[in-house]
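What follows is the residue order along each chain.
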Amino acid sequence: MTIVKYLMASIYFHIPYCRQACHYCDFHFSTNTSTQARVVAAMRKELELRRAYIGKDTIQTIYFGGGTPSVLHQEELSSLLEDCFRYFSVSPGAEITLEANPDDVSLPVLRDWKALGVNRISLGVQTFQSQPLRQMNRIHTGDSARRAIQEVQEILPNITVDLMYGLVGDTLDRLKEDTEALIQLNIPHLSAYCLTIEEKTAFGQWHKKGKLETPEEDISVAQFDYLMDVLESQGYLHYEISNFGKPGYLSQHNRNYWQGGNYLGIGPGAHSYNQQSRQYNVENNVSYFTCIEKSETFYEIEYLDEKIKLNEYLLTGIRTMEGIDLEYIRATYPQYWGELSAPLPILLTNGLVLQKESRILLTRKGKHLSDRITRDLFIS
Ligand code: SF4
């Protein structure tokens, strides 16, 4: 029997600052960096306070996400990394990723990041084309993104690029041009996200007032099909719905999340998970550092029962190339086996999933409907 179990442990830092607000973004960030030093000091304290949360696991990945981690000053990044090595056993080959804005990248800065131990860069490109970049209020241009990619490749070749599709007024040709450019640039890993209009964003407000059209669904469906075709033909593994990587370049950090590994999330709005509970840090920069400075509670805890754990396994597993393992589910959650297996025949008959030995995987058709399939599989 294949036993699925958590394999690694990770640390995630949420850096809650951006130079300007993208019109579609509903992540937690602020453009007011006046509190940055206090937030970083509080993050260092949080790292020390919460080091027991993931036990004595060796840390295999460290990830700086946000927000825009490339706004961190060199000393701030260095102190956070030093603390990781001080309080945890970090594997010598740990994957250390930093998300960066193209405009923050230069050869000297990249050399500094590398000297601190960063070995993977995630670059927020989205598109090389000026009109959608301006429409989304991205701070960079297509030219600055190309320059940044080339500089990153010179110093830190383990690079991943974020690409968006389903943009307002988008076309298949726009996506083809961008994807071909990324293939030409020999990018080993891509994350591709479809634009969603979130209520509390500028796009959401304009959409509510009728000033912004919702992106055409048939175009985004054709775009996702195109991405799967072209990237698979170029040797990328479609290893999770939104992620494509060449062998040897799959994100170890994200795979740890999807495989149910432990992680400690540090910073305002960060989440943590250790098999027993999830913890959610307060999503407000001032409340975060004030609580930590005063030794007050700054997070909420949700204790996980068996049903929640199974639903989380279904939610993340079905999106990956490994899918979900029926033998593991039957052995670990026998009480839910009847309910879980009920929708499978119809999903199989409709060609939305396929079975490979004991595993259930999404088909091409199913990849377009993963949210619906997850809802069908969920234990109520
Ligand atoms: S840079 Fe990233 S986190 Fe910041 S506003 Fe834009 S999309 Fe959101």
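Everything below is about the structure shown above.
How each quantity is defined
Residues numbered from 1 in each chain as written. Predicted model: local features only at pLDDT ≥ 70, side-chain atom pairs only at ≥ 80, totals over all residues. Heavy atoms only, no water. Near = heavy atom within 4 Å. Nonpolar A, V, L, I, M, F, W, Y, C, P; charged D, E, K, R; others polar. 1 Å grid on protein atoms, 1.4 Å probe; cavity = no way out; pocket = protein on both sides within 12 Å on 5 of 7 lines; lining within 4 Å. Points joined across faces, edges and corners; volume = space filled by probe spheres on them. Helix = DSSP H or I, 4+ residues; strand = E, 2+ residues; numbered from the N terminus. Buried < 20%, exposed > 50% of the residue type's maximum accessible area, 1.4 Å probe, protein only. Expected span 1.5 Å × (residues − 1). Contact = heavy atoms within 4.5 Å. Pairing = 2+ DSSP bridges. Salt bridge = Lys/Arg side-chain N within 4 Å of Asp/Glu carboxyl O. Phe/Tyr/Trp six-rings, centres within 6.5 Å; stacked < 30°, edge-to-face > 60°. Axes fitted to C-alpha atoms, helices over the stretch in contact; angles between N-to-C directions. Parallel < 35°, antiparallel > 145°, perpendicular 65-115°, else oblique. Left-handed = near helix turned anticlockwise from the far one by under 90°.

Participant: Before we go on, may I ask you to explain the site of the ligand in this structure?
Facilitator: Around the ligand, the neighbouring residues are Cys18, Gln20, Cys22, Tyr24, Cys25, Phe27, Phe29, Gly67, Thr68 and Arg138. When grouped by side-chain class, the residues that make up the shell around the ligand number 6 nonpolar, 3 polar and 1 charged.

Participant: What's the story with the layout of surface pockets in this structure? I'm lost.
Facilitator: Gaps left between atoms show up when a probe the size of a water molecule is rolled over them. In this structure, the second largest pocket encloses a volume near 230 Å³. Lining the second largest pocket we find 15 residues, and of these His238, Met321, Leu361, Leu362 and Lys367 sit closest to its centre. Looking at the lining of the second largest pocket, the elements that each hand over two or more residues are strand E7 (237–240), strand E14 (353–356) and strand E15 (359–362). Looking at the lining of the second largest pocket element by element, the count peaks at 3 residues for E7.

Participant: What's the story with the environment of Ser106 in this structure? I'm lost.
Facilitator: As for its position among the elements, Ser106 is in the loop between strand E3 (90–100) and helix H3 (107–116). Given a relative accessible area of 24%, Ser106 falls into the partly exposed group. Along the sequence, Ser106 and Glu151 sit 45 residues apart, while their C-alpha atoms lie 6.7 Å from each other.

Participant: Sorry if this is basic, but what is going on with helix H8 (residues 217–233) here?
Facilitator: For H8, built from 17 residues, the straight-helix expectation of 24 Å at 1.5 Å per residue is met to within 8% by its first-to-last C-alpha distance of 24 Å. Elements in contact with the buried residues of H8: strand E5 (159–165), helix H6 (172–184), strand E6 (189–194), E7, strand E8 (243–245) and helix H15 (364–367). Trailing H8 by a residue or two, Gly235 shows a phi angle of about 90°, which is positive.

Participant: What is the right way to look at the sheet that holds E15 in this model?
Facilitator: Taken together, 3 strands build an open sheet; the order of strands is E13-E15-E14 and the sheet is antiparallel. The open sheet terminates on both sides in strands that have one partner only, identified here as strand E13 (324–325) and E14.

Participant: Can you help me understand the side chain of Glu151 in this one?
Facilitator: Positionally, Glu151 belongs in helix H5 (residues 142–155). Here Glu151 is in contact with Val105, Ser106, Leu107 and Leu110, once residues within four sequence places are set aside.

Participant: Is there a simple way to explain the pattern of salt bridges in this structure?
Facilitator: For side chains bearing opposite charge, pairing can occur when the charged atoms are close. Taken as a whole and judged by the stated rule, the model has 16 salt bridges. The residue Arg319 makes a salt bridge to Glu240 at a minimum N-O spacing of 2.8 Å. Residue Arg319 is found in the loop between helix H11 (306–317) and E13, and its partner Glu240 is found in strand E7; the two are separated by 79 residues along the sequence. On the basis of relative accessibility, which here comes to 25%, the residue Arg319 falls in the partly exposed class. Lys309 is the salt-bridge partner of Glu306, the closest N and O atoms lying 3.7 Å from each other. In this pair, Glu306 and Lys309 are both assigned in helix H11, 3 residues apart and thus about one turn of the helix distant. Here the salt bridges do not stand alone but share partners, grouping Arg44, Asp83 and Arg86 into one network.

Participant: Just checking my understanding: could you explain the packing of aromatic side chains for this structure?
Facilitator: In this description, an aromatic ring pair is defined by two values, namely the gap between the centres and the angle between the planes. Evaluation of the coordinates by the stated rule reveals 11 aromatic pairs. Look at Tyr12 and Tyr63: their rings are 6.1 Å apart centre to centre, the planes differ by 25°, and that puts the pair in the stacked class. With Tyr12 in strand E1 (residues 9–15) and Tyr63 in strand E2 (residues 59–66), this pair connects stretches of sequence that are 51 residues apart. For Tyr63, a relative accessible area of 9% gives the class buried. Residues Tyr165 and Phe224 carry aromatic rings whose centres are separated by 6.0 Å and whose planes lie at 5° to one another, so their mutual orientation is stacked. Of this pair, Tyr165 sits in strand E5 while Phe224 sits in helix H8; the two residues are 59 residues apart in sequence, bridging distant segments of the chain. A relative accessible area of 8% places Tyr165 in the buried class. Put simply, the rings of Tyr257, Tyr263 and Tyr273 touch in pairs and so form one group of aromatic residues.

Participant: Please clarify how the packing of helix H2 (residues 74–87) against H3 should be interpreted in this entry.
Facilitator: In a packed pair of helices, the relevant descriptors are the angle between the two axes and the axis-to-axis distance. As a packed pair, H2 and H3 sit with axes 10 Å apart at the nearest point and diverge in direction by 15°. With respect to H3, the element H2 is oriented roughly parallel. As H2 runs across H3, the sense of the crossing is right-handed. Contact residues: H2 offers Gln74, Leu77, Ser78 and Leu81, while H3 offers Val109, Asp112, Trp113 and Leu116. Residue classes in the contact of H2 with H3 are distributed as 5 nonpolar, 2 polar and 1 charged.

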